[in-house]
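Commentary on secondary and tertiary structure
So you can see what is in the structure, the chains are spelled out below.
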Amino acid sequence: MQKKVITFGEVMLRLATPGYLRFIQSTSLGATFGGGEANVAVSLANYGIPVEFVTRLPQNEIAEWCISELRKYNVGVQHILRGGNRVGIYFLETGAVARPSKVVYDRAGSSIAEITPGMIDWKEVLKEAQWFHWTGITPALSQGAADACLEAIRTANEMGVTVSCDLNYRKNLWKYGKKASEVMPALVEGCDIILGNEEDAEKVFGIKPEGFQAEHTGGKLEANEFESVCRQLMQRFPRARKVIVTLRGSINANHNTWGGCLYSDKLYASRRYDITHIVDRVGGGDSFMGGLIYGLITYPHDDQQALNFAVAASCLKHTVYGDFNLMSVSEVEQLMGGDGSGRVVR
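Everything in this summary refers to the structure shown in the same document. (Residues numbered from 1 in each chain as written. Predicted model: local features only at pLDDT ≥ 70, side-chain atom pairs only at ≥ 80, totals over all residues. Heavy atoms only, no water.)

Burial within strand S2 (residues 12-16) is extensive, with 5 of its 5 residues counted as buried. The two faces of S2 match: Met12, Arg14 and Ala16 on one face and Leu13 and Leu15 on the other face are all buried. Two elements, S2 and strand S3 (residues 30-34), share 5 bridges in a ladder whose sense is antiparallel. Its bridge partner lying in S3, Met12 is registered against Gly34. (Buried < 20%, exposed > 50% of the residue type's maximum accessible area, 1.4 Å probe, protein only. Helix = DSSP H or I, 4+ residues; strand = E, 2+ residues; numbered from the N terminus. Pairing = 2+ DSSP bridges.)

So this is what it looks like as structure tokens:
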């Protein structure tokens with residue numbers, strides 16, 4: 001039996017305006033759930049990988065609704081801790097063309113923000129695991145969440161479980177008196193796989209690609225420009241075996257280019273997708289991470305194939321409404337094989 005992937009973080013109620021309406025125009029909000037690590041868990045479950053999502057939720061009907069949604073997508077929920085008073089919420093206004101999307105968070109005092117070390121028995125959670133995944137969102141929530149995350153990483157290291165992180169810097173979340181640059185290094189030191197983008201590396205660790213300015217790219221990002229970022233991250237964090245950078249070129253809110261590069265023994269670059277009609281880009285990075293974990297587990301000796309799967313999976317996520325990437329392995333492989341026609345499958 002295949003060992004599990006464990007993901008740990010906050011899952012939130014997502015309330016989004018219909019279509020491209022602004023908040024001030026909207027008379028209703030579509031309700032779904034999402035959150036970095038939960039999104040990764042759903043992707044992996046869709047690919048047939050056994051996965052458990054660990055979080056802390058209150059004892060109320062909204063939390064039960066959330067848990068039933070995760071169960072619907074075959075995500076394991078047996079290690080979800082119950083306690084605290086509320087589920088975090090985020091509000092989404094989807095942008096169009098020159099108008100960017102907007103997110104408003106209402107997550108202060110959520111159950112997971114009030115977690116403390118010792119609440120979760122990580123040895124029990126990780127005993128059947130091959131992989132543990134977290135993102136930089138979790139330690140941004142509170143000191144307790146950061147400490148619980150560090151506890152999980154160190155336990156995973158002791159148990160020989162692969163650890164991955166998505167740096168996922170969110171400047172609006174670091175509100176409890178610590179900067180990301182103070183908290184993140186101790187956590188990332190325990191990681192075997194590091195995912196980020198050029199902004200994450202710069203804002204958290206002061207690592208920049210040499211001679212690069214995002215606003216001067218015209219939406220085109222070249223993989224070789226980021227080899228220096230990968231090398232610098234590996235020098236800073238010698239445990240890391242692979243560093244991956246996502247390459248999003250933003251032409252406008254509906255039109256992005258999308259690709260990635262992976263650095264291990266050398267630099268691997270993906271093909272570049274031109275995504276001209278984005279349905280929903282929220283969760284795009286998480287769908288990349290889900291695809292990457294699947295790829296690295298499934299093709300352990302083929303970094304190029306693992307990267308190609310991650311990029312294709314994430315490209316397809318941009319066509320799916322909601323945080324979760326509801327794609328199968330065969331659908332991702334079809335796009336990897338070059339069929340992006342969108343013709344009806346009969």
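We are not done yet, so read on.
A rise of 1.5 Å per residue sets the reference length of helix H9 (residues 284-298), with its 15 residues, at 21 Å; its end C-alpha atoms lie 21 Å apart and thus fit the reference within 8%. With respect to burial, H9 is a largely interior element, 13 of its 15 residues being buried. (Expected span 1.5 Å × (residues − 1).)

With that out of the way, let us pick up the environment of Phe8. As for its position among the elements, Phe8 is in strand S1 (residues 4-8). Owing to a relative accessible area of 0%, Phe8 belongs among the buried residues under this scheme. For the pair Phe8 and Ala38, spaced 30 residues apart in sequence, the C-alpha to C-alpha distance is 7.7 Å.

What follows covers unusual backbone geometry. In this structure, Asn74 is a non-glycine residue whose phi angle is positive, near 65°. Tracing the backbone through its elements, the reader meets Asn74 in the loop between helix H2 (61-72) and strand S6 (81-82). The exposure class of Asn74 is exposed, given its relative accessible area of 62%. Backbone geometry at Asn168 places phi at a positive 40°, although glycine is not the residue there.

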